[in-house]
Amino acid sequence: MLPSVCLSFILCEETTGQLLLLSLLSFGYLSWDWAKPNLVADGPGEDGTEQPSAAPPQPPHIIFILTDDQGYHDVGYHGSDIETPTLDRLAAEGVKLENYYIQPICTPSRSQLLTGRYQIHTGLQHSIIRPRQPNCLPLDQVTLPQKLQEAGYSTHMVGKWHLGFYRKECLPTRRGFDTFLGSLTGNVDYYTYDNCDGPGVCGFDLHEGESVAWGLSGQYSTMLYAQRANHILASHSPQQPLFLYVAFQAVHTPLQSPREYLYRYRTMGNVARRKYAAMVTCMDEAVRNITWALKRYGFYNNSVIIFSSDNGGQTFSGGSNWPLRGRKGTYWEGGVRGLGFIHSPLLKRKRRTSHALVHITDWYPTLVGLAGGTVSAADALDGYDVWAAISEGRASPRTEILHNIDPLYNHARHGSLEGGFGIWNTAVQAAIRVGEWKLLTGDPGPGDWIPPQTLAAFPDSWWNLERMSSVRQAVWLFNISGDPYEREDLAGQRPDVVRALLARLADYNRTAIPVRYPAENPRAHPDFNGGAWGPWASDEEEEEDEEESRARSFSRGRRKKKCKICKLRSFFRKLNNRLMSPRI
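Residues numbered from 1 in each chain as written. Predicted model: local features only at pLDDT ≥ 70, side-chain atom pairs only at ≥ 80, totals over all residues. Heavy atoms only, no water.

Observations concerning the overall build of the chain
Line of reasoning, step 1. Along the backbone of the chain there are twelve helices and 21 strands.
Line of reasoning, step 2. Sorting the 584 residues of the chain into buried and exposed places 60% on the buried side.
Line of reasoning, step 3. Put simply, 78% of the contacts in the chain that link residues at least 6 apart link residues at least 24 apart.
Line of reasoning, step 4. Accessible surface computed for the chain: about 22200 Å², of which carbon and sulfur atoms make up 52%. (Helix = DSSP H or I, 4+ residues; strand = E, 2+ residues; numbered from the N terminus. Buried < 20%, exposed > 50% of the residue type's maximum accessible area, 1.4 Å probe, protein only. Contact = heavy atoms within 4.5 Å. Areas by Shrake-Rupley, 256 points an atom, 1.4 Å probe, with all protein chains shown as cover.)

Overview of the state of the cysteines
Line of reasoning, step 1. Applying the stated criterion across every chain yields a total of two disulfides.
Line of reasoning, step 2. Covalently, Cys136 is tied to Cys170 through a disulfide, its sulfur atoms 2.2 Å apart. With the S-S dihedral at roughly -60°, the linkage between Cys136 and Cys170 falls on the left-handed side. In this pair, Cys136 is assigned in the loop between α2 (106–115) and α3 (144–150) and Cys170 in the loop between β6 (154–160) and β7 (179–183), connecting sequence segments 34 residues apart.
Line of reasoning, step 3. Classification of Cys136 by relative accessible area gives buried; the value is 6%.
Line of reasoning, step 4. What pairs with Cys196 in a disulfide is Cys202, and their sulfur atoms sit 1.9 Å apart. Because the sign of the S-S torsion sets the handedness, a value of about 110° for the bond joining Cys196 and Cys202 places this disulfide among the right-handed ones.
Line of reasoning, step 5. Owing to a relative accessible area of 31%, Cys202 belongs among the partly exposed residues under this scheme.
Line of reasoning, step 6. Shown here for the chain is a disulfide pattern of 1-2, 3-4, where each number marks a bonded cysteine counted in sequence order. (Disulfide = S-S within 2.5 Å.)

Observations concerning the packing of helix α1 (residues 85–93) against helix α6 (residues 271–296)
Line of reasoning, step 1. Orientation of α1 relative to α6, taken along the N-to-C sense of each, is 55°, at an axis distance of 7 Å. Compared by their axis directions, α1 and α6 come out oblique. Taking contact as the criterion, the partners of Pro85, Thr86, Leu87 and Leu90 in α1 are, on α6, Met283, Asp284, Val287, Arg288 and Thr291.
Line of reasoning, step 2. Split by residue class, the contact of α1 with α6 holds five nonpolar, two polar and two charged. (Axes fitted to C-alpha atoms, helices over the stretch in contact; angles between N-to-C directions. Parallel < 35°, antiparallel > 145°, perpendicular 65-115°, else oblique. Nonpolar A, V, L, I, M, F, W, Y, C, P; charged D, E, K, R; others polar.)

What about the pattern of salt bridges?
Line of reasoning, step 1. Throughout the structure, instances matching the rule amount to 25 salt bridges.
Line of reasoning, step 2. The closest approach of N and O atoms between Glu486 and Lys438, which form a salt bridge, is 2.9 Å. With a gap of 48 residues between them, Glu486 in the loop between β21 (475–479) and α10 (495–509) and Lys438 in strand β20 (residues 437–441) connect regions that are remote in the sequence.
Line of reasoning, step 3. Among the residues examined, Lys438 registers a relative accessible area of 0% and is labelled buried.
Line of reasoning, step 4. A salt bridge links Arg504 to Asp507, with the shortest nitrogen-to-oxygen separation between them at 3.2 Å. (Salt bridge = Lys/Arg side-chain N within 4 Å of Asp/Glu carboxyl O.)

A word on the packing of helix α4 (residues 221–235) against α6
Line of reasoning, step 1. One can describe the packing of α4 onto α6 by two numbers: an axis separation of 9 Å at closest approach and a directional angle of 5°. The orientation of α4 relative to α6 falls into the category roughly parallel. Contacts from Thr222, Met223, Ala226, Ala229, Asn230 and Leu233 in α4 reach Cys282, Met283, Ala286, Asn289, Ile290, Trp292, Ala293 and Leu294 in α6.
Line of reasoning, step 2. Per-class residue counts for the contact of α4 with α6 are eleven nonpolar, three polar and no charged.

Focus: the packing of aromatic side chains
Line of reasoning, step 1. Enumeration according to the criterion identifies 15 aromatic pairs in this entry.
Line of reasoning, step 2. Judged by centre distance (5.9 Å) and plane angle (55°), the rings of Tyr166 and Trp536 are tilted. You can see Tyr166 sitting in the loop between β6 and β7 and its partner Trp536 sitting in the loop between α10 and α11 (539–556), a full 370 residues away along the chain.
Line of reasoning, step 3. When its relative accessible area of 4% is taken as the criterion, Tyr166 is described as buried. (Phe/Tyr/Trp six-rings, centres within 6.5 Å; stacked < 30°, edge-to-face > 60°.)

Some points on α4
Counting along an α-helix, one turn takes 3.6 residues, and residues three or four places apart therefore face a common direction.
Line of reasoning, step 1. Compared with the 21 Å implied by 1.5 Å per residue over 15 residues, the 21 Å span of α4 between its first and last C-alpha is a close match.
Line of reasoning, step 2. Of all the residues in α4, the buried ones are Ser221, Thr222, Met223, Leu224, Tyr225, Ala226, Gln227, Arg228, Ala229, Asn230, Ile232 and Leu233. (Expected span 1.5 Å × (residues − 1).)

Looking at the pairing of β21
Line of reasoning, step 1. Taking burial as the measure, the five residues of β21 include five buried ones, the bulk of the element.
Line of reasoning, step 2. Alternating positions in β21 separate into two faces, Val475, Leu477 and Asn479 on one and Trp476 and Phe478 on the other, with burial throughout.
Line of reasoning, step 3. Where β20 lies against β21, five bridges are found, and the strand directions are antiparallel. Considered in β21, the bridge of Lys438 is made with Phe478. (Pairing = 2+ DSSP bridges.)

Re the sheet that holds β21
Line of reasoning, step 1. Spatial strand order, β18-β19-β20-β21: four strands in an open sheet with antiparallel pairing. With partners counted over all chains shown, the strands left at the sheet margins are β18 (400–406) and β21, one partner each. Averaged over all pairs of adjacent strands, the angle between strand axes in this sheet comes to 10°, irrespective of strand direction.
Line of reasoning, step 2. Contacting β18, β19 (429–434), β20 and β21, α10 crosses the sheet at an angle of about 65° to β20.

Remarks on the pairing of β7
Line of reasoning, step 1. Across the five residues of β7, four count as buried, placing the element largely inside the fold.
Line of reasoning, step 2. Two elements, β6 and β7, share five bridges in a ladder whose sense is parallel. Bridged to Gly159 within β7 is Gly182.
Line of reasoning, step 3. Here two bridges tie β7 to strand β10 (residues 207–208), and the two strands are oriented antiparallel to one another.

Description of the nonpolar core
A general trend in soluble globular proteins is that nonpolar side chains are found buried together.
Line of reasoning, step 1. Membership of the largest hydrophobic core comes to 56 residues, with the highest contact counts inside it found for Leu206, Leu233, Leu244 and Phe248.
Line of reasoning, step 2. Mapped by element, the contributors of at least two residues to this core are β3 (61–67), α1, α4, β12 (242–247), α5 (259–264), α6 and β14 (303–309).
Line of reasoning, step 3. Membership of the second largest hydrophobic core comes to 50 residues, among which are Ile62, Leu97, Leu114 and Val368. (Core = buried A, V, L, I, M, F, W, Y, C linked by side-chain atoms within 4.5 Å.)

What to know about unusual backbone geometry
Line of reasoning, step 1. Here Thr253 and Pro254 are connected by a cis peptide whose omega angle stands at 5°.
Line of reasoning, step 2. Of note, Pro254 is situated in the loop between β13 (251–252) and α5.
Line of reasoning, step 3. Despite not being glycine, Ser127 has its phi angle at roughly 60°, a positive value.
Line of reasoning, step 4. In this structure, Ser127 sits in the loop between α2 and α3.

Focus on the confidence of the model for the chain
Line of reasoning, step 1. Across the chain, the average pLDDT comes to 86, with 79% of residues at or above 70.
Line of reasoning, step 2. Low pLDDT, under 50, characterises residues 548–584; the stretch is placed with 41 contacts to residues that sit more than four places away or in other chains. (pLDDT = per-residue confidence, 0-100.)

What follows is the structure, encoded as structure tokens:
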């Protein structure tokens, strides 16, 4: 068991719309010290020497910062045109994770982070949890913050939840967090915190604990969340282990930023990219202020900062994953290769780049282990403890990743069981990485290589540069180690590898639980909840709904079976068309 350590995490999102100049004095908790130089540069190890740390006197403080929809290319150390000095410095002084994988959309990454389990083992393998769905992170799953509470931690969450809220039991404060300030749905206005889930279905979504936080409207969410993180650190004793999960809304749409950040990018011709860049830089400064608070209040020397994005960037909303293939919502590398690094005085080997294979499920056992807790086979985790691989440079215990198996996604027209050697129906959307090989089946999503948005008229003619349209296949194989940009499909040349990976998909599929993706419930409408999004179902109502559903099934089942199948097909076809929309 390693000595106790303090950890910090970071992940990314989207934005649009109005520009509002905010008075920083109105935020209350945090003094944003814009003039103070090098807030991150005054930590240990600045001279490049390795400084051995004494064993911490108590378990680590864990600060997890997650950004939303930040593209692989959208950080300074990946050659971006966006300024991220804080992230660049933290990464340079820590360990950059350059073989790190996440999921292609919001809910799946968050669910796997907090459970340490693949989507096929939580029933969340299809799409996201939508605001009106009676669905949430399965209540029988022991979450990461619950595990840390068992180890004596104080646990706090700030930011975007997006793991369901139809019952109070689904809320962050019922799933392991002592406190919560943030939004429950997938995307809200950065100032008003309004969210619309279709025409006329709009409501307010900013909550503190289990109450609606009407009074905090008007404050830019990135700044508000950094202030709350600062307030938590200021009011907490460094002698008690702390888990702080900061899930920024940034840089998810709508594209909105304070005016002073936009001014920096006034010469950037592409309007969406300009707004997006301003949001990324604002988020970078928020991270700077959180890091400064860690030092000011005595947490830093016993801390580990882990930064991660939640999925690939949305290229038509300013994000860039160049030179990777694909974008958010796809299983190409541009959708699942994550931004990630760890910064900590406690790392044994710092200032380096790690190519150890790491997946977002690995944080669960890694952090529980660092906290002095235990995981067992009974926890049925899909993640591995990768601390030794990251801190000491050892080989990663992980050798493969199941990106996902989604039986509800549109089946590929040219896929079949025969095309999968009788092992696997290649019409089904699935992706797996084993060693250096990556296999995709079904429809992985648009497989384009989209260059940085340097032209004001992007996408326009750029859209057709390397567009992969009318592809008549359902199986792809790549050697990711030698071809990280997925330009040379080897499926035809290596049928032996294809067979082996198809067999692994079939093995995984035998352990999958049924997909949980219920129909939307009209009772979720904010108009029935005082104008705000929030829980609407009680245990009794849920049982009644299930009984009514079973009764309708029994009475109509036989004579309307054929029609029911038609309706289901139509429903899922429309649903999956929505999945690829820019809103998600």
